[in-house]
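# Tertiary structure, described
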Amino acid sequence: MPINTPEKRRKDLTLADKVKVLQLLDSVPKVTLTELGQKFGCSASQVCRLKKNREDIMRQWECNSNPNRKRKREGKSGDVEEALMRWFVNARAKNVPLSGPILMEKAKQLAESMGDEDFKPTDGWLGRWKQRNNIAFKRGHGEKKDADTQSAEDWVRDVVPTILQQYADEDIYNCDETGVLYKALPTGTLALKTEDVSGGKKAMDRISVMFCCNMTGTDKLTPLVIGKSRNPRCFRGQPVPLPWEANKKAWMTAAIFTEWVRKFDRAMGRRRKKVVLLLDNCTAHPHDITLENVRLLFLPANTTSLIQPLDQGIIRNFKALYRSQILRRVITAVDSENIDNAQKFAKTTTVLDALFMVREAWKSVKEDTIRNCFSKAGLTTVSGEQDSSPDIVAAPEGMTQEEFEAYVDIDVSEECTGDPTDEELCQEVREARGPNSTHHESPGDGDEEQPPPPSSATVHASLENIRRWMQFHDHKDLSKFLEIEGSIHTSCLSKQKQKTITDFFRQPSK
């Protein structure tokens, strides 16, 4: 009767163990295949196969594959994942911070280039891809300040009803300033687990932006931006998209605010409106400003985080939209041959670029978001329960909400108002005297050089390349692009001297 021996199960070695086997095969004195099999609990034939596949195993190890992985499993598209890994390594070699949404977007671009239309990256896919390639996310954290809850509750109970009785919803405004580190990149980055991540110099280039909007969200005033240089080099010869002020610290000052609120008052007068403006009770907002059409109503001290509408999610929504634009620019910068590290990428973003992004992000803030935030602050005429949650921008695919909010809040502690020093007070007085007063340029946002605008010929060549690419891929938005191309062509023609047919028959001058 035959004896049934238990079936011997194969032992799969981890990638780290496979590398150890190969190292021992090269050691002196020589170790036999049988001895190595006994040492690692596998067969001699398995060791022989490892020796045969030495090149592939070492390539995986050198590419930082997960050392605890036993079998090589590829995801939904091995070619896309391999291409993404190579792009990732190149990007990290340039010391550019990377995060989930950047990788997800780049994976989509690579899949499209490879003709893989079915590839759709998901959170689960990105997690497995990071695990297979031994990649982890490293980031920083922020904190919140305490607020006077009792004063806020008293204000909502006693003051808000009076405001709502005296003014229509569209005549109730709120203004507030926020500091923006306009060049800042995420504090953390996806990196190889074996990689030493160098922090680099944090981009501290800052502007202050003041927003103002009404309760219904139907009137979003043009943001006022404050920098450090009166006339940055990147402004020269360029259209500036937003109102610009400057002082040594890029802070809101009493002089700047007074000029702004008087303009607001005149604008309301032209519209024959009487409005109320809710604002912080701080030194940058004087109480003794004479206005005809705007009533200033100051919030109780240390309550803005609870009852100021702009602080209930409107500014956060703006910053999330602004940071999303920065993330999209990172991918372009990584692929550029002129950018080889994060510091150079930061230098490519001028304060003029920041102003355009501020304008577009503010335009993208929805009316519903503003109404919800006013409601959250206790300013609402709707009785009963309602959804007062702000429209928070969801974290991009592959990035948790906490990670994205950490990046959005990277400048949450930046001051944009404060008590002016004696020197600053004197400077405000000199500036108030008019344009003939002396003004010393401050370093910072004035040191950046804006690249010259492309010529019409360059623009036409770029448009032709895009059109040819879209035609080759039969892109669904080709018709929209052709409309844009026609509009740009017309604009270019209007800015140059119209040529006649006789110009083409003239002899060139010698």
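### Digging into the environment of leucine 242
Secondary-structure assignment places leucine 242 in the loop between β5 (224-227) and β6 (244-246). By relative accessible area, which is 5% here, leucine 242 ends up buried. Note: C-alpha distance between leucine 242 and leucine 352 (110 residues apart in sequence) is 9.4 Å. If near-sequence neighbours (up to four positions away) are discounted, leucine 242 is found in contact with Thr222, Pro223, Val225, Leu355, Val358 and Arg359.

### Remarks on the sheet that holds β6
Spatially, β6-β5-β4-β2-β7-β8 is the arrangement adopted by the six strands of the open sheet, whose pairing is mixed. Edge strands, defined here as strands with exactly one partner in the open sheet, are β6 and β8 (294-298). Going from strand to strand, the sheet's axes swing by 25° on average, the running direction of each strand aside. Direction of pairing for strand β7 (residues 275-279) relative to β8: parallel, over a ladder of five bridges. Bridging from a neighbouring strand, leucine 277 pairs with leucine 296 of β8. Packed onto the sheet, helix α10 (residues 254-270) meets β2 (172-181), β4 (206-214), β5, β6, β7 and β8 and runs at close to 155° relative to β7.

### Brief notes about the nonpolar core
Counting 73 residues, the largest nonpolar core has Trp129, Ile172, Ile207, Ile314, Phe318 and Tyr322 as the members making the most contacts within it. The biggest single contributor to this core is helix α12 (residues 314-335), with nine residues. Excluding residues that lie within four positions of it along the chain, tryptophan 129 makes contacts with Glu81, Leu84, Met85, Phe88, Leu103 and Ile135. Within the second largest apolar cluster, 23 residues are counted, among which are Cys175, Met252, Val275 and Ile289.

### Let's talk about the pairing of β4
Within β4, nine of the nine residues are buried, leaving the element largely enclosed by the surrounding structure. Residues Arg206, Ser208, Met210, Cys212 and Asn214 line one face of β4 and the alternating positions Ile207, Val209, Phe211 and Cys213 line the opposite face, and both faces are buried. Where β2 meets β4, nine bridges bridge the pair, whose relative direction is antiparallel. Across the sheet, the residue bridging to threonine 178 is valine 209, located in β4. Examined bridge by bridge, β4 and β5 share three bridges and lie antiparallel to one another. In the sheet register, valine 209 faces β5, and the bridge partner there is valine 225.

### Topic: the side chain of histidine 285
Within the secondary structure, histidine 285 sits in the loop between β7 and β8. Exposure remark for histidine 285: the relative accessible area of 1% places this residue in the buried category. Within the structure, histidine 285 has its side chain in polar contact with the side chain of glutamate 177 (distance 2.6 Å). Not counting residues within four places of it along the chain, the set of residues in contact with histidine 285 comprises Glu177, Phe257, Leu279, Asp280 and Phe298.

### Considering the side chain of aspartate 219
Note on placement: aspartate 219 falls in the loop between β4 and β5. Excluding anything up to four places from it in sequence, aspartate 219 contacts Tyr173, Cys212, Cys213, Asn214, Met268 and Arg271.

### Some details on the pattern of salt bridges
In this structure the tally under the stated criterion is 17 salt bridges. In this structure, aspartate 158 engages arginine 157 in a salt bridge whose closest nitrogen and oxygen atoms are separated by 3.1 Å. Overall, the relative accessible area of 45% leaves aspartate 158 in the partly exposed class. Judged by its relative accessible area of 51%, arginine 157 falls in the exposed class. Across the pair aspartate 411 and arginine 323 runs a salt bridge whose closest N-O atoms are separated by 2.3 Å. Separated by 88 residues along the polypeptide, aspartate 411 in the loop between α16 (401-408) and α17 (422-432) and arginine 323 in helix α12 bring together distant segments of the chain. Residue classification places arginine 323 among the buried positions, given a relative accessible area of 1%. A cluster of three or more residues bridged by salt bridges with shared partners is formed by Asp154, Arg157 and Asp158.

Rules of the game
Residues numbered from 1 in each chain as written. Predicted model: local features only at pLDDT ≥ 70, side-chain atom pairs only at ≥ 80, totals over all residues. Heavy atoms only, no water. Helix = DSSP H or I, 4+ residues; strand = E, 2+ residues; numbered from the N terminus. Buried < 20%, exposed > 50% of the residue type's maximum accessible area, 1.4 Å probe, protein only. Contact = heavy atoms within 4.5 Å. Pairing = 2+ DSSP bridges. Axes fitted to C-alpha atoms, helices over the stretch in contact; angles between N-to-C directions. Core = buried A, V, L, I, M, F, W, Y, C linked by side-chain atoms within 4.5 Å. Polar contact = N/O pair within 3.5 Å; in protein donor to acceptor, adjacent residues only side chain to side chain. Salt bridge = Lys/Arg side-chain N within 4 Å of Asp/Glu carboxyl O.

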